[in-house]
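What follows is the residue order along each chain.
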Amino acid sequence: MSVDPKLAAQSSTPDEDLRRRLDVARAGGDKRYHDRLKEQNKLFVRERLDRIMDPGWSFEDGLLARHVDGNLPADAVVTVVGHIGGRPVCVIANDMTVKAGTWGYRTFQKITAMQELAGKTKSALLYLIDSAGARIDEQRMSYAGRKAWGNIFYNQIQLSGVVPQVCVLLGPSPAGTAYQPALCDVCIMVEGNATAYIGSPRMSEMATGEKVTMEEMGGAEMHNRVSGLGDFLCANEEEALAVAKQYLSYFPGHWSEKPPLQQARPPAPGRSIAEIVPASQRVAFNIVDLIKALVDDGSWLEVKKLWARELVTGYARLGGRPVGILANQSRHKGGVLFPDSSDKAARFIWTCNAFNVPLLFLQDIPGFMVGSQVERAGIIRHGAKMLFAVAEARVPRIAVLVRKAYGGGYLAMSGSPMNPDAVLALPTAKPALMGPESAINAIYLNKINELPEEERAGFIEQKRREYEEDIDVYEVASDFSIEAVIPSDELRDELIRRYEVYSRKDVPPPNRRNGVIPV
């Protein structure tokens, strides 16, 4: 509960006076606001920090901000330096019990100071966001000048790719402040409480006449399934904080460092890769089963699981080494690449490349989607963005041809012409310019049209079988178009050995200010 600082000063010694003031600041806002958090199944900001950080914070800055001029404990934001998993992290956490976690001028000063400290000390940045936005009554000093709220976003952009920036969205992040989670590397959202939107439902109704709920406008599930802003949808705060902790474990504190290695663990017991991957190209299977059969037990963390599900992305460890994995999911839309999945891939690749996380591509790819609808949605632009990210990556990069490896999709999934460190293949691989259906239609369309109706299906099936037999991974290997064909039960060990070698390379980026990225 808040206490008048003047009353806190009535103590027998200066140290006792100070401790009383510090206790008041740490307690946050009035009891009724703490009670409201409990009603919403939310933790107090300092409880959140206790859950995610190693015991014994290093230090806290600005605890007494607004202690004298306003009685707003810490000015609604807690900024601390500590450790998570034994590694230093700078943390910026809103306090919803103080003026709804809103940003004032002192809030802005504390946030930007901690951002700058993270850059100087090569420490990851964790944002625990739960804020009603910027304070309108403090806009004169906080909005338009060179030292203003917008510096928070400016700093995020300057730090992008320099230190990991992780957002755990535990409550609202409205209007302009919504760009804070969007500018982080990853956004972990709590179902039912997290929201992000430029205009509230009330504002939308005033401007456009549209009537929507808060969840429809900017809720966690919408952002994880529809907009793509969310990377993880968590049932509660404990789960969200645990995900953030696991996510950080794959990354170094700074772009100039290597990702941390851990003790290797064998994969979880279960079916072998040979049992998981169907020999028939027409039979869909769950590519995540293959991933779990490859990687260290318990290390798989899928990113954007609910969005653009035809492409699976996530982090894992191979022999204790962090890797970023992209894999085509034949169970969803056949694993074909769409505009959203191309964007999903590009952002994931850029994140891994920024922080020296090796990349593994598991190809079962029919290609990019075709048709007027996706052309109007910009499949060429979005696909070019994915190609750009793949070719730009300088981290160790291996592609494994699992089954289909067709056309432009083969290139986008780091095929040989995109200059990966290696392209490996399982004996089930089928690399080709296009799939049997498209090839037969392209080659024999006139012949098919000339045949009687009752003979067409048989002719197409015969030519399909002939075409499939001609797609031979061993011919591709014989031409040295790929590095090796690997028995499925040896793939894990082969990847571990190759990443150990490739991790010693140093490939500088092109000498330029920046590439012109397709939008």
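Located above this text is the structure these notes cover.
Below is a summary of the structure that appears in this document. Treat the numbers as computed from the prediction; the structure is a model and nothing was measured. (Residues numbered from 1 in each chain as written. Predicted model: local features only at pLDDT ≥ 70, side-chain atom pairs only at ≥ 80, totals over all residues. Heavy atoms only, no water.)

1. Re the overall build of the protein chain
The helix and strand inventory of the protein chain stands at 22 helices and 17 strands. In terms of overall dimensions, the protein chain has a C-alpha envelope of 100 × 55 × 45 Å along the principal axes. Looking at the 519 residues of the protein chain, the share that counts as buried comes to 53%. Sequence-distant contacts, at least 24 apart, represent 73% of the contacts inside the protein chain between residues at least 6 apart. Carbon and sulfur atoms provide 53% of the accessible area of the protein chain, an area that totals close to 24000 Å². Distance between charge centres in the protein chain, computed from 62 positive and 64 negative side chains, equals 5 Å. (Helix = DSSP H or I, 4+ residues; strand = E, 2+ residues; numbered from the N terminus. Buried < 20%, exposed > 50% of the residue type's maximum accessible area, 1.4 Å probe, protein only. Contact = heavy atoms within 4.5 Å. Areas by Shrake-Rupley, 256 points an atom, 1.4 Å probe, with all protein chains shown as cover. Lys, Arg positive; Asp, Glu negative; His and termini not counted. Charge placed at Lys NZ, Arg CZ, Asp CG, Glu CD.)

2. Considering unusual backbone geometry
Backbone geometry at Asn419 places phi at a positive 60 degrees, although glycine is not the residue there. In this fold, Asn419 is placed in the loop between α18 (407–412) and β15 (422–425). Of the residues examined, Asn419 reaches a relative accessible area of 63% and is grouped as exposed. Phi is positive for Phe480, close to 55 degrees, though the residue is something other than glycine.

3. Looking at the packing of aromatic side chains
Counted according to the given criterion, the structure contains 9 aromatic pairs. Plain terms: the ring middles of Phe251 and Phe355 are 5.8 Å apart, the flat faces sit at 85 degrees to each other, and that makes the pair edge-to-face. Note that Phe251 is positioned in the loop between α12 (237–248) and α13 (273–276) and Phe355 in the loop between α15 (339–354) and β13 (359–365), a separation of 104 residues in sequence. Neither residue differs from the other here; Phe251 and Phe355 are each classed as buried. Ring pairs connect the aromatic residues Tyr247, Tyr250, Phe251, Tyr315, Phe348 and Phe355, which therefore count as one cluster. (Phe/Tyr/Trp six-rings, centres within 6.5 Å; stacked < 30°, edge-to-face > 60°.)

4. Details of the sheet that holds strand β7 (residues 186–190)
Spatially, 7 strands are ordered β1-β2-β3-β4-β5-β7-β9 in an open sheet, and the strand pairing comes out mixed. With partners counted over all chains shown, the strands left at the sheet margins are β1 (59–61) and β9 (232–234), one partner each. The sheet shows a mean angle of 20 degrees between the axes of neighbouring strands, direction not considered. Examined bridge by bridge, β1 and strand β2 (residues 77–84) share 3 bridges and lie antiparallel to one another. In the sheet register, Asp61 faces β2, and the bridge partner there is Thr79. (Pairing = 2+ DSSP bridges. Axes fitted to C-alpha atoms, helices over the stretch in contact; angles between N-to-C directions.)

5. Comments concerning the packing of α15 against helix α17 (residues 379–392)
In the contact formed by α15 and α17, the axes pass within 8 Å of each other and the chain directions differ by 20 degrees. The pairing of α15 with α17 is recorded here as roughly parallel in orientation. Seen along the crossing, α15 lies across α17 with a hand that is left-handed. On α17, the residues that touch Pro339, Ser342, Asp343, Ala345, Ala346, Ile349, Trp350 and Asn353 of α15 are Ile379, His382, Gly383, Lys385, Met386, Phe388, Ala389, Val390 and Glu392. Across the contact of α15 with α17, the residue classes break down as 10 nonpolar, 4 polar and 3 charged. (Parallel < 35°, antiparallel > 145°, perpendicular 65-115°, else oblique. Left-handed = near helix turned anticlockwise from the far one by under 90°. Nonpolar A, V, L, I, M, F, W, Y, C, P; charged D, E, K, R; others polar.)

6. Observations concerning the pairing of strand β12 (residues 321–328)
In terms of burial, β12 is a largely internal element, 8 of the 8 residues being buried. Of the two faces of β12, both are covered, the one formed by Arg321, Val323, Ile325 and Ala327 as well as the one formed by Pro322, Gly324, Leu326 and Asn328. As paired strands, strand β11 (residues 311–318) and β12 are joined by 8 bridges and run antiparallel to one another. Bridging across to β12, Ala316 finds its partner in Val323. Between the end of β11 and the start of β12, which pair antiparallel, lie 2 residues, with Gly319 showing a positive phi angle near 60 degrees. Of the strand pairs in this sheet, β12 and β13 are connected by 4 bridges, and their pairing is parallel.

7. Considering helix α3 (residues 31–39)
For α3, the N-terminal cap is Asp30; the gap from its side-chain oxygen to the backbone nitrogen of Arg32 is 3.1 Å. Asn41 occupies a position one or two residues after α3 and carries a positive phi of about 60 degrees. (Polar contact = N/O pair within 3.5 Å; in protein donor to acceptor, adjacent residues only side chain to side chain.)

8. Here we look at α12
With 12 residues, α12 ought to run about 16 Å at 1.5 Å a step, and its terminal C-alpha atoms sit 17 Å apart, in line with that. Sitting at the head of α12, Asn236 places a side-chain oxygen 3.3 Å from the backbone nitrogen of Glu238. (Expected span 1.5 Å × (residues − 1).)

9. Quick word on the packing of helix α4 (residues 45–52) against α12
At a minimum axis distance of 9 Å, the contact between α4 and α12 shows a crossing angle of 45 degrees. Relative to α12, the element α4 is oriented oblique. For the pair α4 and α12, the crossing hand works out as right-handed. For the pair α4 and α12, contact is made by Arg48, Arg51 and Ile52 and by Glu237, Glu238, Leu241, Ala244 and Lys245, respectively. Classifying every residue of the contact of α4 with α12 gives 3 nonpolar, no polar and 5 charged.

10. Let's talk about the pattern of salt bridges
It is possible for side chains of opposite charge to pair when their charged atoms get near one another. For the structure shown, the criterion picks out 26 salt bridges. Linking Arg403 and Asp364 is a salt bridge whose minimum nitrogen-to-oxygen distance equals 3.0 Å. Taken as a pair, Arg403 in strand β14 (residues 397–406) and Asp364 in strand β13 lie far apart in primary sequence, 39 residues in all. Comparing Arg403 with Asp364 shows no difference in burial state: the two are buried. Sharing partners across several salt bridges, the network here consists of Lys42, Arg48, Asp130 and Glu237. (Salt bridge = Lys/Arg side-chain N within 4 Å of Asp/Glu carboxyl O.)

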